[in-house]
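Residues per chain are reported as follows:
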Amino acid sequence: MANIKSAKKRILVNKTKADRNKAIKSGVKTAIKKVYAAVEANDKEAAQSALLAATSAIDKATKKGVYHKNTSARKVSRLSVAVNKMA
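What you see is a predicted model, and the numbers here were worked out from it, not measured in a lab.

1. Some words on the packing of helix α1 (residues 5-40) against helix α2 (residues 44-63)
Right, on to step 1. In contact at an axis separation of 8 Å, α1 and α2 are set at 160° when each is read in the N-to-C sense. In terms of their interaxial angle, α1 and α2 are classed as roughly antiparallel. In this structure, α1 crosses over α2, and the sense of that crossing is left-handed. Contact residues: Ile24, Val28, Ala31, Ile32, Lys34, Val35, Ala38 and Val39 in α1; Ala46, Ala47, Ala50, Leu51, Ala54, Ala57, Ile58 and Ala61 in α2.

Okay, structure coming up:
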């Protein structure tokens, strides 16, 4: 355990930020799962609305620095391809 006051504060701040990032990532994963569930169910309309919500969640996570911009672009691209491949 840290003895110096600033080190103790860094531990607390890092814990807070890690919790925030974990919550944001969890939300993104849930949104992505909803898109794939709609694709599996072959529900085009639900898939498109879920894609819109997932894209928004991913973009917000990127803006907050949780994801690198290339990572978010890859995730959005894969989701878009999955939705566009639906018959």
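2. Let's talk about the pattern of salt bridges
Right, on to step 1. With the rule as written, the count across this model stands at one salt bridge.
Right, on to step 2. We note a salt bridge from aspartate 19 to lysine 15, for which the minimum N-O separation is 3.1 Å. Here lysine 15 and aspartate 19 lie together in helix α1, a separation of four residues that amounts to about one turn.
Right, on to step 3. For aspartate 19, a relative accessible area of 37% gives the class partly exposed.

3. Points about the nonpolar core
Right, on to step 1. With 20 residues, the main nonpolar core has Val35, Val39 and Leu79 as its most contacted residues.
Right, on to step 2. Broken down by secondary-structure element, the contributors of at least two residues to this core are α1, α2 and α3 (69-84).
Right, on to step 3. Sorting elements by how many residues they give to this core places α1 first, with seven residues.
Right, on to step 4. The residues contacting leucine 79, other than those within four sequence positions of it, are Ile32, Val35, Tyr36, Leu51, Ala54 and Ile58.

The rules we used
- Residues numbered from 1 in each chain as written.
- Predicted model: local features only at pLDDT ≥ 70, side-chain atom pairs only at ≥ 80, totals over all residues.
- Heavy atoms only, no water.
- Axes fitted to C-alpha atoms, helices over the stretch in contact; angles between N-to-C directions.
- Helix = DSSP H or I, 4+ residues; strand = E, 2+ residues; numbered from the N terminus.
- Parallel < 35°, antiparallel > 145°, perpendicular 65-115°, else oblique.
- Left-handed = near helix turned anticlockwise from the far one by under 90°.
- Contact = heavy atoms within 4.5 Å.
- Salt bridge = Lys/Arg side-chain N within 4 Å of Asp/Glu carboxyl O.
- Buried < 20%, exposed > 50% of the residue type's maximum accessible area, 1.4 Å probe, protein only.
- Core = buried A, V, L, I, M, F, W, Y, C linked by side-chain atoms within 4.5 Å.

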